Amino acid sequence: MKANIVYPDYSNSITNLANSILQKWGLPINGGTLELLDPYLVRDYKNIVVFLLDGLGKCIIERICEKNGFLNSHLAGTFSSTFPSTTVAATASVDSGLAPCEHGWLGWTCYFPQIDRNVSVYRNTDPETGEMVAEESVVWTYCRYPRVIDKINAAGGKGYYVTPFIPPYPESFEASCELIKAYCQEPGQKYIYCYCDEPDNTIHLTGCYSSEAKQVVSALERRIETLAAELKDTLIIVTADHGMMDVEGVCIKDYPAITDCLKRIPTIEPTALNLFVKEDKRDEFEKAFTGEFGQKFLLLPKAKVLEMKLFGCGNEHKDFRSMLGDYLAVAVADVSIFNSQADVEKFVAGHAGLTEDEMAISMIVFETN
């Protein structure tokens, strides 16, 4: 099924949300701010809390949440994810105010020209063998960026992370909400950024509109509503890094006419494939790929990707262009091309393509008294 194609809008995106926060604290911004959010930030709230619920895109809220429930009742508008519409790229953007071409965190796996290897970004492993690539994080070694919260703290403000991956490592969403409540009771104005890996985890495995996904989303909504009632003088923003769509998975190894043309396995994401092609095989590759997937993917030469500024504008990371392959294959339908049969069998929903369901995210705003 071919879907509506939606390109990233870097004047109305999750990148701009971070710049609005920087501007609120009187700090230099990296680009435009988010007009959708700016009017709320004019007011001097003691606490500004951003919940980023992984995968809770516009389509999920519209089709799962109650029309008169907490989230839909406080919908302020919709805006754009980054490209690719995926956690690695989008959360680095909301953490920095930089577009993916600027910070270099392009997707779940990236090609790093500095070491001539593909690396699973969060796990720091080889995506084929699972072996650790280095003792230190490869992505932080070569693509380190300045973080919004660090800038706020360095300027004498108060900024806090609430995520399972940063101390004090809350082990559940309930624990995260309790931690937020404690931070909000401290004196002084502060910015609190809370990341939750649901409903993305559940949706990947069970589908966008499964009973399991509905239970997870409802539980998250109820807990945020409860917390909102307990806080004072607080602006609560609920958003997502990307949306989701149910997909049909295929394994690239089942298409030797394509793989025989490649220098290495694809990187970035199964719906945004970064492809390095052998010099003498380009015509053969284009014919093979478009023959198999021409109705489901846009096959874009590197020059076209750069011309379209899919990964954003601004000052490109010095290695950005070297991280890109010769072609980018971007899904515009419900198909994902995985590197292994195990992933085909595991994942029933995905993201990172250019469909509306993946690209469109909502902003929910709640102002406490």
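Higher on the page you've got the structure.
A quick note: this is a predicted structure, and the numbers were derived from the prediction, not measured.

Trainee: Tell me about the environment of M132, residues and numbers included.
Mentor: By secondary structure assignment, the location of M132 is in the loop between β4 (117-120) and α7 (138-142). Relative accessible area serves as the criterion here: at 54%, M132 is assigned to the exposed category. Contacts of M132, omitting those with residues within four sequence positions, involve R123, N124 and T125.

Trainee: Hey, could you go over helix α9 (residues 173-185) for me, with residue numbers and the actual values?
Mentor: The end-to-end C-alpha distance of α9 is 19 Å, a good match for the 18 Å that 13 residues give at a rise of 1.5 Å each. Residues of α9 that are buried: F173, S176, C177, L179, I180, Y183 and C184. Projected onto a plane normal to the axis of α9, the buried residues spread over an arc of 160 degrees and lie on a single side. Those residues of α9 that are buried lie in contact with β1 (47-53), β5 (159-162), β6 (190-196), α11 (211-230) and β7 (234-239).

Trainee: Could you give an account of the packing of helix α1 (residues 14-24) against helix α5 (residues 87-96), with specific residues and numbers?
Mentor: At their nearest, the axes of α1 and α5 sit 7 Å apart, and the two run at 20 degrees to each other. Here α5 runs roughly parallel to α1, going by the angle between their axes. Crossing of α1 over α5 shows right-handed handedness. In this structure, α1 uses I14, T15, L17, A18 and L22 to contact α5, whose residues at the interface are A90, S93, V94 and S96. Taken together, the residues that form the contact of α1 with α5 break down as six nonpolar, three polar and no charged.

Trainee: Provide a residue-level description of the sheet that holds strand β16 (residues 360-367), including the pertinent values.
Mentor: Strand pairing in a sheet relies on backbone hydrogen bonds, with the paired strands running either antiparallel or parallel. Strand order in the open sheet formed by six strands is β2-β16-β7-β1-β6-β5, and the pairing between neighbours is mixed. Where the open sheet ends on each side, the last strands, each with one partner, are β2 (75-80) and β5. Taking the axes of each pair of neighbouring strands and ignoring which way they run, one obtains an average angle of 20 degrees across the sheet. Sheet analysis places β7 next to β16, joined by four bridges and oriented antiparallel. Looking across to β16, one finds that I237 is bridged to V365. Those strands touched by α5 are β1, β5 and β6, and its axis lies near 175 degrees from that of β6. Sheet strands in contact with α9 are β1, β5, β6 and β7, and its direction is about 180 degrees off that of β6.

Trainee: Give me the packing of aromatic side chains: which residues, what numbers.
Mentor: Under the criterion given, the structure shown has 21 aromatic pairs. With a centroid separation of 6.2 Å and 75 degrees between ring planes, the pair formed by Y161 and Y193 is classed as edge-to-face. In this pair, Y161 sits in strand β5 while Y193 sits in strand β6, placing the two residues 32 residues apart along the sequence. Among the aromatic side chains, those forming a connected cluster through ring pairs are Y255, F285, F289, F293, F297 and Y327. Taking NZ or CZ as reference, R264 lies 4.7 Å from the ring centre of F276, over its face.

Trainee: I'd like a description of the nonpolar core, backed by residues and values.
Mentor: Inside soluble globular proteins, nonpolar side chains tend to come together where they are buried. By size, the foremost hydrophobic cluster in this structure holds 68 residues, and its most contacted members are F51 and Y191. Element by element, the count of residues in this core is highest for α11, at seven residues. Ignoring sequence-local partners within four residues, the contact set of F51 consists of F173, C177, I180, C194, I224, L227, I236, I237, V238 and T239. By size, the runner-up hydrophobic cluster in this structure holds 33 residues, among which are F112, L300, F320 and M323.

Trainee: Mind laying out the state of the cysteines, listing which residues take part and the relevant values?
Mentor: By the definition in use, this model includes zero disulfides. Free cysteine C59: the closest other cysteine sulfur is in C208, separated by 5.8 Å. The cysteine C110 is free of any disulfide, with C143 supplying the nearest cysteine sulfur at 7.0 Å. Under the relative-accessibility criterion, C110 is labelled buried at 1%.

Trainee: Requested: an account of unusual backbone geometry, with residues and values cited.
Mentor: Here the bond from F83 into P84 is cis, since omega is -5 degrees, no more than 30 degrees from zero. Structurally, the position occupied by P84 is in the loop between β2 and α5. The amide bond that connects E198 to the next residue, P199, takes the cis arrangement and shows omega of 10 degrees. Assignment of secondary structure puts P199 in the loop between β6 and α10 (200-206). Even without being glycine, N124 reaches a positive phi, approximately 60 degrees. For N124, a relative accessible area of 6% gives the class buried. Of note in the backbone geometry, D233 takes a positive phi value of approximately 50 degrees without being a glycine. Note that D233 resides in the loop between α11 and β7.

The rules behind the values
Every chain begins its residue count from 1, and numbering advances along the sequence as written. This being a predicted model, a pLDDT of at least 70 is required before a residue's local features are given, and a value of 80 or more before pairs of side-chain atoms are given or counted; all residues contribute to the totals for chains, interfaces and linings. As a rule here, side-chain values cover all heavy atoms of the structure and leave hydrogens and water aside. Elements are defined by DSSP. Helices are runs of H or I of four residues or more, strands are runs of E of two residues or more, and each kind is numbered from the N terminus. Each residue gets one of three labels from its accessible area relative to the maximum for its type: buried under 20%, exposed over 50%, partly exposed in between, using a 1.4 Å probe on protein chains only. Should any heavy atoms of two residues lie within 4.5 Å, those residues are counted as being in contact. In this scheme, a helix's expected span is set at 1.5 Å multiplied by one less than its residue total. Note: the arc covers the axis-to-C-beta directions of the helix. For helices, the fitted line uses only the C-alpha atoms of the stretch in contact; every axis is such a line through C-alpha atoms, and the angle between N-to-C directions lies from 0 to 180 degrees. The labels follow the angle: roughly parallel below 35 degrees, roughly antiparallel above 145, roughly perpendicular from 65 to 115, and oblique for the rest. Handedness of a crossing follows from how the near helix is turned relative to the far one, being left-handed for an anticlockwise turn of less than a right angle and right-handed for a clockwise one. When residue character is reported, Ala, Val, Leu, Ile, Met, Phe, Trp, Tyr, Cys and Pro are called nonpolar, Asp, Glu, Lys and Arg charged, and the others, Gly included, polar. When DSSP locates at least two bridges between a pair of strands, those strands are taken to pair. Ring pairs shown here join Phe, Tyr and Trp side chains whose ring centres sit within 6.5 Å, with only the six-membered ring taken for Trp; geometry is labelled stacked below 30 degrees between planes, edge-to-face above 60, and tilted in between. Two limits define a charge over a ring: the Lys NZ or Arg CZ must be within 6 Å of the ring centre, and within 35 degrees of the ring normal. Definition of nonpolar core: a set of buried residues of the types Ala, Val, Leu, Ile, Met, Phe, Trp, Tyr and Cys, connected through side-chain atoms within 4.5 Å. Count a disulfide wherever a pair of cysteine sulfur atoms falls within 2.5 Å.

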